[in-house]
Amino acid sequence: MQASRYRILGLVGQGQFGKVYCASDRRTGQLVALKELSHQNAPTHQFLQELWFIISLQHPNIAACLGLEHIQTGRYLVMEYCEGGTLRHLVEQQNSLRLQEALDLIIGVLEGLDYAHQRGIIHCDIKPENILLTLKSQGWQPKLSDFGIARRLPLAGKLSPSERPSTFTGGSPAYMAPERFYGIYSPRSDIYAVGVVLFELLVGDRPFHGLPGELMSAHLNQRLQIPTEIPEALKTIIQKALEKLPARRYKTAAEMVEALRKAIVNPQIQSLADSIILGKLPDVPEDEQFSKVRVSNLTLSVDHSIPLPAVGNSKFPLNCITNFPYLYTGFGQTLKIWSPPNNSSPSLEETQVIAQAPIHFPEPILAMQMMGNGCCVMTKNKIYYATNFQDNPQSLLNLSGIQSRTSNHQESQNSDQVKAEKNNPLTPLNLASYKDLLYRVAIEPKGGYMALAFSGQLRFYSLTDKQGSPALKLIKKLSLSVPQIPELIFLDRRYLLGVWLNFKQKNCNMLRVYTRRGTPIGNLKLFIPLKQIIPTPQPYTVLGIGCDDQPQLILLHLKPLSIIRISLSSPPIIACATSWGYVIADQQGKYTFLNLEGKFLGDYLGPVNSQAITSWGKTGLAILTASEPQSYLHFVKSINLEQDL
């Protein structure tokens, strides 16, 4: 599509009439969805019909049409881009929604429907696949899409209570109202479909299954069975929405919204509002459908533990990274390097390690990153390079000049956050010592480039080999319009991501992509409450850690843009990205395991007060803990993950 004003970034789905792509506007950088409308699947009259419907409907809960792209390669509707994918994706994720969020989603869908119904438009194909999601600070916002088989009532705004016959029978049988099988449609048939979606969100399954003929019979004749654990106030709403006779259902979508709002303030619903909806899975008993805390009955197998210096009153964190086959740990002013016996690969069966002579630094170690065959060590005033072959660290860059220019502003900028963190001194993600690091560093995976950010400036360096040791060569300096220091992550060997958390306003995160040589590529704003963002082994993928008042993980894929949101039962204090998935630990020593797609693998009990976690071996972990009077380095075997992975 070189002749188009849009640059395709990737395929995101398959619509009813063709493929759907994520693309960016070459002029503005805005992300859009290009919805293909092939001549074979979408005849001109049907194409014009959908175009008319979506252009005439302008509502926050209806996916907006931004234009039409008609070029040599085909016809495309230009739609607003919804990075959360479809509600179907959300339904298929375990532990993805809280009860309050599920009800808010349905209310949003109904409000969009009510707007369409008042203009005489019946959607006729409400189902999770046609409900798109975008993530806002308050949670998911649903947007109705795919009006390809929608129908218009004869008199917009004057809806007769009687049903209107039609020869039209298209739709999805699993979500079709009984009368729809006989070619009758009305606003109440859309309400029936929403009732099926609500049932599926709360129960984890649809009320009826089978082939189209079997589904028709079930919708017409089979009695609705609602699990006993569903609160009574919600049972009543589902039953009314799924009445067999249209006249017994809610008259309008607005009426169902009113019923849901009344149910939400019900004391029983309020007590369950923050409960995570587990879904009706084989291993989840019906009476545990809503669960505030998953019970952990399994314990991580700690192969052995090595005592470390006591934490005492030190405010400087323990650090821990793996650079195969060595494990680097830093505490205070000391870097210790551990290696397997005879330099053999660590495995689940062999986690014994040998400590090499420690390397001492003139200042406390504040952060570490992998770098080539060694480790990049960051202190307040200098960046060092260290390997297991060295007795002394090599200084790469002196930052004392940078610190003197930025410290006054940065201390003022972070004073409120530091005060809040003093109440939780053992939370690594919030340690005040991290604020002493008045710069951020990212190193390209192969160790050929480095980016450095400090207040007001972003620098790009090449890492060259000078007599067997790395040396920095400045490539480019960029001035930053805001003094806030961004987090830096190399997405792959070519591109760098800068992230400004809480950019200018709460819950607004600015993401900016650069080439490794400093050329800006594009910007993106995400309105999600995050307190930290970390790199992952997957290209163009980062992991966001939610704020304590909204415990969640955000798995952010940038090419094409998609978001997987994972609700957590307790705030995480530490997170680790490995080659096989993610490990999240909370203050009580509960370790949650997820695969690379964000699927829940299991909860385990393990060491408390985790300060750092890194992978060790195939599915093993090394965990640093801080406690009084002794700190430890634990080597852990991951139990029963092999079959799940």
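Per chain, residue numbering runs from 1 following the sequence as it is written. Per-residue local features of the predicted model are confined to residues with pLDDT of at least 70, and side-chain atom pairs are confined, for both listing and counting, to 80 or more; whole-chain, interface and lining totals are unaffected and use all residues. Note that water and hydrogens are dropped before the side-chain values are worked out from all heavy atoms of the structure.

Undergrad: Is there a simple way to explain empty space enclosed by the protein in this structure?
TA: A water-sized probe rolled over the atoms picks out the places where empty space is left. Both site types are read off a 1 Å grid over the protein atoms alone. A 1.4 Å probe that fits but cannot get out defines a cavity, while an open set with protein on both sides within 12 Å along at least five of seven lines defines a pocket; lining residues have an atom within 4 Å of a point. Grid points are joined across faces, edges and corners, and a volume is the space filled by probe spheres set on the points. Summed over the entire model, instances satisfying the criterion amount to five cavities of 30 Å³ or more. If you trace the largest cavity, you find eleven residues lining it, with Leu 568, Ser 570, Ile 584, Lys 590 and Thr 592 closest to the centre. Mapped by element, the contributors of at least two residues to the lining of the largest cavity are strand S39 (581–586) and strand S40 (590–595). Helix and strand assignments follow DSSP, with helices taken as H or I runs no shorter than four residues and strands as E runs no shorter than two, numbered in order from the N terminus. Looking at which element gives the most residues to the lining of the largest cavity, the answer is S39, with three residues. Nonpolar residues are Ala, Val, Leu, Ile, Met, Phe, Trp, Tyr, Cys and Pro. Charged residues are Asp, Glu, Lys and Arg, and all others, Gly as well, are polar. Residues that form the lining of the largest cavity fall into these classes: five nonpolar, three polar and three charged. The calculated volume of the second largest cavity comes to roughly 50 Å³. Lining the second largest cavity are Asn 509, Leu 511, Leu 526, Ile 528, Leu 530, Ile 533, Gly 544, Ile 554 and Leu 556. Its residues placed into classes, the lining of the second largest cavity shows seven nonpolar, two polar and no charged.

Undergrad: What should I look at first to understand the pairing of strand S38 (residues 572–577) in this one?
TA: Each regular strand shows side chains that alternate between the opposite faces of the sheet. For every residue, the accessible area (1.4 Å probe, protein chains only) is compared with the maximum for its type, and the residue is labelled buried under 20%, exposed over 50%, or partly exposed between those bounds. Among the six residues that make up S38, five are buried, leaving the element largely enclosed by the rest of the structure. The rule for pairing is simple: two strands pair if DSSP sees at least two bridges between them. Examined bridge by bridge, S38 and S39 share five bridges and lie antiparallel to one another. Paired with Ala 577 across the two strands is Tyr 582, which belongs to S39. Where S38 folds back onto S39 in an antiparallel hairpin, the turn is made up of three residues.

Undergrad: Even after reading the chapter, I still don't get the layout of surface pockets, so can you show me in this structure?
TA: Of the voids in this model, the second largest pocket is the one considered here, and its volume is about 810 Å³. Along the wall of the second largest pocket there are 38 residues; nearest its centre are Val 12, Gly 85, Thr 86, His 89 and Leu 132. When contributions to the lining of the second largest pocket are tallied by element, the ones reaching two or more residues are strand S1 (6–14), strand S3 (31–36), strand S5 (74–80), helix H2 (87–92), strand S8 (131–136) and strand S37 (561–567). The element best represented in the lining of the second largest pocket is S37, accounting for five residues.

Undergrad: Explain the packing of helix H6 (residues 232–241) against helix H7 (residues 253–264) here, please?
TA: Helix packing for two helices is described by the angle between their axes and how far apart those axes are. Closest axis-to-axis distance for the H6/H7 pair is 9 Å, and the angle between their directions is 170°. Here H6 is positioned roughly antiparallel relative to H7, judged by the angle of their axes. Crossing hand, H6 versus H7: left-handed. Contact with H6, carried on its side by Ala 233, Leu 234, Ile 237, Lys 240 and Ala 241, involves Glu 255, Met 256, Ala 259, Leu 260 and Ala 263 of H7 and no other residues of that element. Taken together, the residues that form the contact of H6 with H7 break down as eight nonpolar, no polar and two charged. Each axis is a line fitted through C-alpha atoms, and for a helix only the stretch in contact is used; angles between axes span 0 to 180 degrees, taken between their N-to-C directions. The labels follow the angle: roughly parallel below 35 degrees, roughly antiparallel above 145, roughly perpendicular from 65 to 115, and oblique for the rest. By definition, turning the near helix anticlockwise from the far helix through less than a right angle yields a left-handed crossing, and turning it clockwise yields a right-handed one. By definition in these notes, contact holds between two residues if any of their heavy atoms fall within 4.5 Å.

Undergrad: Got a minute to help me understand the pattern of salt bridges in this structure?
TA: Opposite charge on two side chains lets them pair, provided their charged atoms get close. Put simply, a salt bridge is a Lys or Arg side-chain nitrogen that is within 4 Å of an Asp or Glu carboxyl oxygen. Under the counting rule described, the total for this entry stands at 13 salt bridges. As a salt-bridge pair, Arg 88 and Glu 200 come within 2.7 Å of each other at their nearest N and O atoms. With a gap of 112 residues between them, Arg 88 in helix H2 and Glu 200 in helix H4 (residues 187–203) connect regions that are remote in the sequence. Note on Glu 200: relative accessible area 5%, which makes it buried.

Undergrad: Looking at this model, I keep getting lost on the confidence of the model for the protein. Mind explaining?
TA: Keep in mind that low pLDDT regions are not for reading the predicted coordinates in detail. Each residue carries a pLDDT score, the predictor's confidence in it, ranging from 0 to 100. The share of residues in the protein with pLDDT of 70 or more is 81%, and the mean pLDDT across the chain is 82. Across the protein, element-level confidence peaks in H7 with a mean pLDDT of 97 and bottoms out in strand S11 (residues 164–165) with 46. Across residues 155–168, confidence stays below pLDDT 50; counting only partners more than four residues off in sequence or on other chains, it has 32 contacts. This stretch, residues 406–433, has a pLDDT under 50; its non-local contacts, to residues over four places away or in other chains, come to 45 contacts.

Undergrad: I tried to follow the sheet that holds strand S15 (residues 298–299) on my own but got confused; where do I start?
TA: Each strand in a sheet pairs with its neighbour through backbone hydrogen bonds, running either in the same direction (parallel) or in the opposite one (antiparallel). Pairing is mixed in the open sheet, where five strands are placed in the order S15-S41-S40-S39-S38. Two strands close off the open sheet at either side, each with one partner strand: S15 and S38. In this structure, S15 lies alongside strand S41 (residues 600–605), joined through two bridges in parallel fashion. Counterpart to Thr 299 in the pairing with S41 is Leu 605.

Undergrad: Looking at this model, I keep getting lost on the packing of aromatic side chains. Mind explaining?
TA: What describes a pair of aromatic rings is the distance from one ring centre to the other and the angle between the planes of the rings. Pairing of aromatic rings covers Phe, Tyr and Trp, the last counted by its six-membered ring, and requires centre-to-centre distances within 6.5 Å; plane angles under 30 degrees mean stacked, over 60 mean edge-to-face, and any other angle means tilted. One pass over the structure, following the stated rule, counts six aromatic pairs. When the ring of Phe 361 is compared with that of Tyr 384, the centres are 5.1 Å apart and the planes differ by 75°; the resulting orientation is edge-to-face. A residue pair is termed long-range when its members are at least 10 positions apart, and Phe 361 in the loop between strand S21 (359–360) and strand S22 (367–371) and Tyr 384 in strand S24 (residues 382–386) qualify at 23 residues. Taking the relative accessible area as the measure of exposure, Phe 361 reaches 4% and is therefore buried. On the basis of an interplanar angle of 55° and a centroid distance of 5.8 Å, the ring pair of Phe 460 and Tyr 514 is categorised as tilted. Of this pair, Phe 460 sits in strand S28 (residues 457–466) while Tyr 514 sits in strand S32 (residues 508–515), placing them 54 residues apart in sequence. For the residue pair Phe 460 and Tyr 514, the accessibility class agrees, reading buried in each case. Among the aromatic side chains, those forming a connected cluster through ring pairs are Trp 580, Phe 593 and Tyr 604.

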